[in-house]
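# Understanding the architecture of this molecule
Residues per chain, in single letters:
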Amino acid sequence: MKRLSTIILAGLVGLMAWTGIVTAAGEGTKQKVVYHINGDDPKQQAGALRNIQNHINAVGKEHLDLRVVMHGNGVSMVLLPEALANVKGFKHANADQQMQANIDGLKSQGVAFNVCANTLEGRKVSREGDLYMVDEADIVPSGVAQLAILQGQGFAYIKP
């Protein structure tokens with residue numbers, strides 16, 4: 001009986017040590033997450049940005065590599081209201097002051113926003129004149145292709 005207790009105790013100590021090693025090895029790694037936005041409902045988009053902020057609050061910005069990929073109607077998240085009359089195929093332009101403040105807050109925490117070039121071209125959207133705070137580096141050739149690329153790189157996919 002004493003021998004069995006010793007073996008069990010040694011196994012538990014070994015398991016605890018192994019778990020500590022795995023935890024230490026996992027330190028410094030980041031959660032890789034992509035949020036997919038392709039709908040134009042302003043309430044749903046605002047909810048998605050709240051989800052992203054809650055995600056950051058729970059995990060910590062230093063532990064996240066977080067991307068937002070917008071294509072199709074989802075580009076309305078960064079479409080300025082005054083641009084709506086100049087573009088094709090959008091019912092909403094949701095980049096009002098509140099949306100802009102939310103986007104700015106997330107960008108300041110390291111969130112990257114990607115916009116589909118196919119959507120911009122097809123709907124005659126000017127990056128410089130029609131979109132809120134979208135740099136050339138934020139444009140990806142295809143939103144859906146970018147989602148597949150990121151998932152291939154180990155990003156978790158979230159569709160709010």
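Rules behind the numbers
- Residues numbered from 1 in each chain as written.
- Predicted model: local features only at pLDDT ≥ 70, side-chain atom pairs only at ≥ 80, totals over all residues.
- Heavy atoms only, no water.
- Helix = DSSP H or I, 4+ residues; strand = E, 2+ residues; numbered from the N terminus.
- Buried < 20%, exposed > 50% of the residue type's maximum accessible area, 1.4 Å probe, protein only.
- Areas by Shrake-Rupley, 256 points an atom, 1.4 Å probe, with all protein chains shown as cover.
- Pairing = 2+ DSSP bridges.
- Right-handed = clockwise from strand over helix to strand, strands pointing away.
- Salt bridge = Lys/Arg side-chain N within 4 Å of Asp/Glu carboxyl O.
- Polar contact = N/O pair within 3.5 Å; in protein donor to acceptor, adjacent residues only side chain to side chain.
- Contact = heavy atoms within 4.5 Å.

Moving on to the overall build of the chain. Regarding its fold elements, the chain presents six helices and five strands. Scanning the chain from its N terminus toward the C terminus, one meets helices and strands in the order α-β-α-β-α-β-α-α-β-α-β. Across the 160 residues that make up the chain, the buried fraction comes to 39%. In the form shown here, the chain has an accessible surface area of approximately 9100 Å², with 57% of it arising from carbon and sulfur atoms.

Another aspect to go through is the pairing of strand β2 (residues 64-70). Most of β2 is tucked away: five of the seven residues are buried. Here strand β1 (residues 31-37) runs beside β2; their pairing, made up of seven bridges, is parallel. Along β2, the bridge assignment pairs Val-33 with Leu-66. A crossover connection joins β1 to the parallel β2 through helix α2 (residues 42-59); in handedness this β-α-β unit is right-handed.

Moving on: the pattern of salt bridges. Enumeration according to the criterion identifies three salt bridges in this entry. With its nearest N and O atoms 3.1 Å apart, the salt bridge here joins Arg-127 to Glu-128. Under the relative-accessibility criterion, Glu-128 is labelled exposed at 60%. Between Arg-127 and Glu-136 there is a salt bridge, with its nearest N and O atoms 3.3 Å apart. Each of the salt bridges in this network shares a partner with another, and the network as a whole consists of Arg-127, Glu-128 and Glu-136.

This part takes up the pairing of strand β3 (residues 112-116). Within β3, four of the five residues are buried, which leaves it mostly tucked inside the rest of the structure. Judged from the four bridges that link them, β2 and β3 form a sheet pairing that is parallel. Each residue of the ladder has a partner; that of Val-68, found in β3, is Phe-113. The handedness of the β2 to β3 crossover, carried by helix α3 (residues 97-107), is right-handed.

Summarising the element assignment, Asn-114 is placed in strand β3. The exposure class of Asn-114 is buried, given its relative accessible area of 8%. Among the polar contacts listed, one links the side chain of Asn-114 to the backbone oxygen of Asp-138, at a separation of 3.5 Å. In this structure Asn-114 touches Val-68, Val-69, Met-70, Asp-138, Val-140 and Gln-146, once residues within four positions along its chain are discounted.

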